[in-house]
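# Inside the fold
Residues per chain, in single letters:
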Amino acid sequence: MADCLFCSIVDHEIPSDVIYEDDMIIAFNDIAPQAPVHFLVVPKKHIASLDEATEEDKELISHIMLKIPELVKEQGVENGYRVVINTGEDGDQTVKHLHFHILGKRKMTWPPG
Ligand code: 5GP
Ligand code: ZN
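Residues numbered from 1 in each chain as written. Chains lettered and ligands numbered in written order. Predicted model: local features only at pLDDT ≥ 70, side-chain atom pairs only at ≥ 80, totals over all residues. Heavy atoms only, no water.

### Examining the nonpolar core
Quick reminder of the rule: In these notes, a set of buried Ala, Val, Leu, Ile, Met, Phe, Trp, Tyr and Cys residues joined through side-chain atoms within 4.5 Å is what counts as a nonpolar core. Here's how the labels work: a residue is buried when its accessible area is under 20% of the maximum for its type, exposed when over 50%, partly exposed in between, all with a 1.4 Å probe on protein chains only. Numbering goes from the N terminus for both helices and strands, where a helix is a DSSP run of H or I of at least four residues and a strand is a run of E of at least two.
One finds Phe39, Val41, Ile64, Ile68, Val72, Phe100 and Ile102 to be the most contacted residues of the largest nonpolar core, which totals 15 residues. Secondary structure elements with two or more residues in this core: strand E2 (25-29), strand E3 (37-43), helix H2 (58-74) and strand E5 (100-104). If one sorts the elements of this core by residue count, H2 sits on top with 5 residues.

### Structural notes on the coordination of the zinc ion (ligand 2)
In plain terms, the rule: Any N, O or S atom lying within 2.8 Å of the metal counts as a donor, and for Na, K and Ca the limit rises to 3.2 Å; water is left out, so some sites can look incomplete. Angle rules define the geometry names used: all angles between 85 and 135 degrees makes four donors tetrahedral, while opposite donors over 155 degrees apart and all other angles between 65 and 115 make four donors square planar and six octahedral, leaving every other case irregular.
Within the protein, Cys4 (SG), Cys7 (SG), His46 (ND1) and His97 (ND1) serve as the donor atoms for the zinc ion (ligand 2), at 2.0 to 2.3 Å. For the zinc ion (ligand 2), the 4 donor atoms in the first shell make angles of 106 to 115° at the metal, a pattern classed as tetrahedral. Note on Cys7: relative accessible area 6%, which makes it buried.

### Here's the deal with the sheet that holds E3
This is how it is decided: A pair of strands is considered paired only if DSSP assigns at least 2 bridges between the two. For helices, the fitted axis covers only the stretch in contact; all axes are lines through C-alpha atoms, and the angles between them, taken along N-to-C directions, range from 0 to 180 degrees.
The antiparallel open sheet is built from 5 strands, whose spatial order is E1-E2-E3-E5-E4. Both outer strands of the open sheet, strand E1 (18-21) and strand E4 (81-84), are each paired with one neighbouring strand and no more. Strand after strand, the sheet turns through a mean of 20° between neighbouring axes, direction not considered. Alignment of E4 against E5, held across 4 bridges, turns out to be antiparallel.

### Digging into the packing of aromatic side chains
This is how the line gets drawn: Pairing of aromatic rings covers Phe, Tyr and the six-membered ring of Trp, with a centre-to-centre limit of 6.5 Å; geometry is then stacked below 30 degrees between planes, edge-to-face above 60, and tilted otherwise.
For the structure shown, the criterion picks out 1 aromatic pair. Judged by centre distance (5.5 Å) and plane angle (75°), the rings of Phe6 and Phe28 are edge-to-face. Remark: Phe28 occurs in strand E2 and Phe6 occurs in helix H1 (residues 5-10); sequence separation between them is 22 residues.

### Comments concerning unusual backbone geometry
For the bond from Trp110 to Pro111, the omega torsion is 5°, close enough to zero to count as cis. Of note, Pro111 is situated in the segment after E5. Not every positive phi belongs to a glycine, and Asp92 is a case in point at roughly 60°. Counting through the fold element by element, Asp92 comes out in the loop between E4 and E5. According to the relative accessible area criterion, Asp92 is exposed, its value standing at 55%.

So, in structure tokens, the structure goes:
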């Protein structure tokens, strides 16, 4: 999709620090990390947010969810981590292309800000 930052990263038009890629997804380090480990997992298909995901995306989303623990281990995270999907206005989603934040290597708190 034109004018989508994460589509440009998927297409390697904008460089990113890629940690994993396959035919369905790409994972890269966040440019403004909020924890010692902070990477994003992004479907290559443009889906604006979790609200726009459909039955058709079932395999894609389960692929992401099952890939996350593998990537976390590869990043040396051993004591737990957090997965975040900011969605819509109140969810403070700034990039309108579905993405999963994975944060680790520090103790998280609850409730989030
Ligand atoms: P959101 O606020 O939409 O949930 O998260 C968007 C995330 O993308 C933020 O954590 C932000 O730091 C990250 N981000 C924004 N622009 C870039 C970029 O150009 N490269 C990378 N690697 N991350 C980005
Ligand atoms: Zn996109």
